[in-house]
Amino acid sequence: MKKLAIYTLVAAFCGSAVYAFSAADKAAEPAPAAAAAAKEPVVCFESRKGASEITQQEIKPGLPNVKCSPTTGAALWYGDPYEGTVPMGKMPMLEKLPEGHAVVKPRSEKLALMPMCGTACHNGVGPNANPPTLPKDKRAKPNPTMEAMVPDLANLQHGRGRIWCMDCHHTTKRNMLVDHYGDPVSFDQPQLLCGKCHGDKLRDWRDGIHGKRIGDFTSTGKKRWFTCTECHNPHNVQDGARNRGFVQLQPEPSPQLPKGMKDAKHELMHPIPH
Ligand code: HEC
Ligand code: HEC
Ligand code: HEC
């Protein structure tokens, strides 16, 4: 009986160890019925659920490019922070950074509709001809086709009625955003768009106070910068009744205490009174 209990314990421990160390494998573990789908790639999200996913691959045998939380599916750890990145492009005030030391993940490949916008519909022909006749009241005409494609557009939750589509999207080049001078901006550099209205946030982001960077933490070291749209959904920054700029994620449970430790009260003992 006792032996059995130990075996169970060992099995449980191994189970949880495998679970903890290889969350991704666990997620990919086939349900008995779907053994055939065993090789489904593991996809976890980085910041914006549903819009900033990363597919798990091996950099070297046994070394994944990313590990995901088994609880939330969020990226926990990066084997290669630069995987899939490209140089950030020109950024005012960051000229001093050595070439190629600021990199980003392109947004374009996440935007399924973008390649079509300027060819299939806003192509200068027919009712959506460019330049379109823009309404004077900055209200987008209800457009069921558009709303079916991007449901968040039915009731734009950004700016509380003060801004609309063409404050952000270029009028004649629909697969581009627009900067403060009316010049086109790439979807991969949304900071140049957002910064025209949120200058304070752009400065904070540039200084490393807002947003996130991963990589080499020397001041001029190579880093991957997370761009604004990797965290914020530009068509909904209000998050309903919460009325704040970020759709909140379910937090991870607190980590387990190290073996033999009964509580973490020592952490309350701080040498500096606060
Ligand atoms: C605050 C700026 C802003 C406003 C206002 C705005 N958009 Fe966007 N839109 C963006 C950005 C930035 C993206 C790219 C999002 C990303 O990278 O995830 C985008 C993406 C899109 C896409 C592509 C989605 C896809 O998955 O390919 C469509 C279509 C679109 N917007 C239409 C509209 C329409 C129509 C309106 C007005 C009702 C509008 N947008 C208002 C900034 C804006
Ligand atoms: C044309 C101007 C304009 C642009 C461009 C713009 N915003 Fe906004 N944004 C606003 C306004 C106006 C508000 C509402 C502020 C308020 O009511 O206090 C707002 C609100 C927000 C909020 C929520 C803050 C709040 O209290 O509601 C976030 C987050 C935000 N914007 C992020 C972005 C991001 C990310 C981009 C780029 C994709 C962007 N904005 C581009 C004008 C803009
Ligand atoms: C790594 C994720 C991340 C990135 C990248 C990021 N933000 Fe944010 N942002 C947040 C979070 C989290 C909040 C807090 C929102 C809340 O209170 O719920 C926030 C808040 C904001 C707010 C609202 C602040 C307020 O007072 O309510 C604005 C505006 C904003 N961000 C703009 C930007 C702009 C512009 C960029 C790009 C230059 C950017 N953010 C990049 C995560 C991010």
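Residues numbered from 1 in each chain as written. Chains lettered and ligands numbered in written order. Predicted model: local features only at pLDDT ≥ 70, side-chain atom pairs only at ≥ 80, totals over all residues. Heavy atoms only, no water.

A.B. asks: So what about the overall build of the protein chain? Which residues, and what values?
C.D. replies: The helix and strand tally for the protein chain stands at seven helices and 12 strands. In the protein chain, the share of contacts with a sequence separation of at least 24, taken over all contacts with a separation of at least 6, comes to 49%. For the protein chain, the computed accessible surface area is about 18800 Å², with 60% contributed by carbon and sulfur atoms. (Helix = DSSP H or I, 4+ residues; strand = E, 2+ residues; numbered from the N terminus. Contact = heavy atoms within 4.5 Å. Areas by Shrake-Rupley, 256 points an atom, 1.4 Å probe, with all protein chains shown as cover.)

A.B. asks: Explain the coordination of the iron atom of ligand 2 residue by residue, including any values.
C.D. replies: Geometry sets the ideal angles at a metal, namely 109.5 degrees for four tetrahedral donors and 90 or 180 degrees for six octahedral donors. The coordination sphere of the iron atom of ligand 2 contains the protein donors H158 (NE2) and H198 (NE2), at a distance range of 2.0 Å. Geometry at the iron atom of ligand 2 is octahedral, judged from its six donor atoms and the angles of 87 to 178° they form at the metal. Residue H158 is found in the loop between α4 (144-149) and β9 (177-178), and its partner H198 is found in the loop between α5 (191-194) and α6 (199-207); the two are separated by 40 residues along the sequence. For H198, a relative accessible area of 39% translates into the label partly exposed. (Donors = N, O, S within 2.8 Å, 3.2 Å for Na, K, Ca; no water. Tetrahedral: all angles 85-135°; square planar, octahedral: opposite > 155°, others 65-115°. Buried < 20%, exposed > 50% of the residue type's maximum accessible area, 1.4 Å probe, protein only.)

A.B. asks: Can you tell me about α6, naming the residues and giving the values?
C.D. replies: Buried within α6 we find L202, W205 and R206. Angular distribution of buried residues about the axis of α6 spans 100°; they occupy a single face of the element. In the core, the buried residues of α6 are packed alongside α5, β11 (213-215) and β12 (223-225). Once α6 ends, the next one or two residues include G208, with phi positive near 85°. (Arc of directions from axis to C-beta.)

A.B. asks: Any chance you could break down the site of ligand 3 for me, citing the residues and the numbers?
C.D. replies: Of all residues adjacent to ligand 3, which total 15 residues, the nearest are H210, C228, C231, H232 and R242. Within the contact set of ligand 3, an oxygen atom lies 2.6 Å away from a side-chain nitrogen or oxygen of R244. Mapped onto the shell around ligand 3, the elements with two or more residues apiece are α6 and α7 (228-231). Among the residues making up the shell around ligand 3, the classes are represented as six nonpolar, five polar and four charged. (Near = heavy atom within 4 Å. Polar contact = N/O pair within 3.5 Å; in protein donor to acceptor, adjacent residues only side chain to side chain. Nonpolar A, V, L, I, M, F, W, Y, C, P; charged D, E, K, R; others polar.)

A.B. asks: Kindly report on empty space enclosed by the protein, identifying the contributing residues and their values.
C.D. replies: In the structure shown here, the tally under the stated rule is one cavity of 30 Å³ or more. Of the pockets and cavities examined, the largest cavity occupies roughly 30 Å³. Around the largest cavity, the lining residues are E46, S52, E53, K105, P106, R107, K110, R224 and E230. For the lining of the largest cavity, the two domains that each supply at least three residues are domain 1 (2-80) and domain 2 (86-242). (1 Å grid on protein atoms, 1.4 Å probe; cavity = no way out; pocket = protein on both sides within 12 Å on 5 of 7 lines; lining within 4 Å. Points joined across faces, edges and corners; volume = space filled by probe spheres on them. Domains from an automatic or database assignment.)

A.B. asks: Summarise the site of ligand 1; cite the residues concerned and give the values.
C.D. replies: Contacts to ligand 1 come from 21 residues, most closely from R48, C165, C168, H169 and H235. At 3.0 Å from an oxygen atom of ligand 1 is found a main-chain nitrogen or oxygen belonging to L113. Between a nitrogen atom of ligand 1 and a side-chain N or O atom of H169, the distance comes to 2.8 Å. Of the residues that constitute the shell around ligand 1, the class distribution is 15 nonpolar, four polar and two charged.

A.B. asks: So what about the sheet that holds β12? Which residues, and what values?
C.D. replies: Here we have four strands laid out as an open sheet, ordered β7-β8-β12-β11, and mixed in their pairing. In this open sheet, the two strands that pair with only one neighbour each are β7 (86-87) and β11. In the sheet, β7 pairs with strand β8 (residues 102-104) via two bridges, with the strands oriented antiparallel. Looking at the pairing, P87 lines up with V103 of β8. (Pairing = 2+ DSSP bridges.)

A.B. asks: Account for the pattern of salt bridges, naming residues and giving values.
C.D. replies: Two side chains carrying opposite charge are able to pair once their charged atoms lie near each other. Taken as a whole and judged by the stated rule, the model has seven salt bridges. E46 serves as the salt-bridge partner of R224, at 2.7 Å between the closest nitrogen and oxygen. Remark: E46 occurs in the loop between β1 (43-45) and β2 (53-55) and R224 occurs in strand β12; sequence separation between them is 178 residues. Each member of the pair, R224 as well as E46, is classed as buried. (Salt bridge = Lys/Arg side-chain N within 4 Å of Asp/Glu carboxyl O.)

The analysis is restricted to geometry; functional conclusions fall outside its scope.
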